[in-house]
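So the chains spell out like this:
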Amino acid sequence: MAKFLKKLCAILLTVVGVLFVVYFWNLDQKVLGWAYKQVNAMFDRKKVNLNF
């Protein structure tokens, strides 16, 4: 039982640490900014048909 609790605590501390780093350095917004640029680059290449 002690092994299980140690492993669970280690996993939880790791998850909290990773989430703190993501929050501290605002990495989620940086990744989303990169993703938006990629999506916009894909859609900017498509030709638009304006003849209705």
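Residues numbered from 1 in each chain as written. Predicted model: local features only at pLDDT ≥ 70, side-chain atom pairs only at ≥ 80, totals over all residues. Heavy atoms only, no water.

Enquirer: How do you make sense of the overall build of the chain when you look at a structure like this?
Expert: Scanning the chain from terminus to terminus reveals 2 helices and 0 strands. The C-alpha radius of gyration of the chain comes to 21 Å, more than 25% above the 10 Å expected for a compact globule of 52 residues. In terms of its C-alpha atoms, the chain occupies a principal-axis envelope of roughly 70 × 25 × 15 Å. Put simply, the chain has 52 residues, and 0% of those count as buried. Split by element, the accessible area of the chain, about 5500 Å² in all, is 72% carbon and sulfur. (Helix = DSSP H or I, 4+ residues; strand = E, 2+ residues; numbered from the N terminus. Rg over C-alpha atoms; globule rule 2.2 N^0.38 Å. Buried < 20%, exposed > 50% of the residue type's maximum accessible area, 1.4 Å probe, protein only. Areas by Shrake-Rupley, 256 points an atom, 1.4 Å probe, with all protein chains shown as cover.)

Enquirer: I'm lost on helix α1 (residues 2–24) in this one. Help?
Expert: In an α-helix, one turn spans 3.6 residues, which is why side chains three or four residues apart end up on the same side. Its 23 residues place the ends of α1 32 Å apart at the C-alpha level, agreeing with the 33 Å of an ideal helix rising 1.5 Å per residue. The positive-phi residue at the C-terminal boundary of α1 is N26, with phi of around 55°. (Expected span 1.5 Å × (residues − 1).)

Enquirer: How should a nonpolar patch on the surface be read in this particular structure?
Expert: A cluster of nonpolar residues, F20, V21, Y23, F24, W25 and L27, forms a patch on the protein surface that exposes about 680 Å² of accessible area. If you tally residues by element for the nonpolar patch, the top one is α1, at 4 residues. Within the secondary structure layout, V21 lies in helix α1. (Patch = residues over 30% accessible without salt bridge, like charges linked within 9 Å, V, L, I, M, F, W, Y side chains within 5 Å. Salt bridge = Lys/Arg side-chain N within 4 Å of Asp/Glu carboxyl O.)

Enquirer: I would appreciate a short explanation of unusual backbone geometry in the present structure.
Expert: Positioned with a positive phi, N26 is a non-glycine residue whose angle comes to about 55°. You can see N26 is positioned in the loop between α1 and α2 (27–45). Overall, the relative accessible area of 39% leaves N26 in the partly exposed class.

Enquirer: Looking at this structure, I do not really get the packing of aromatic side chains. What am I missing?
Expert: Geometrically, a pair of aromatic rings is defined through the distance of the ring centres and the angle of the planes. Across all of its chains, the model carries 2 aromatic pairs by this definition. Ring centres 5.6 Å apart and planes at 25° place the aromatic pair F20 and F24 in the stacked group. With F20 and F24 both in helix α1, this residue pair falls 4 residues apart, about one helical turn. Using a relative accessible area of 54% as the deciding quantity, one classes F24 as exposed. By the ring-pair criterion, three or more aromatic residues cluster together here, those being F20, F24 and W25. (Phe/Tyr/Trp six-rings, centres within 6.5 Å; stacked < 30°, edge-to-face > 60°.)

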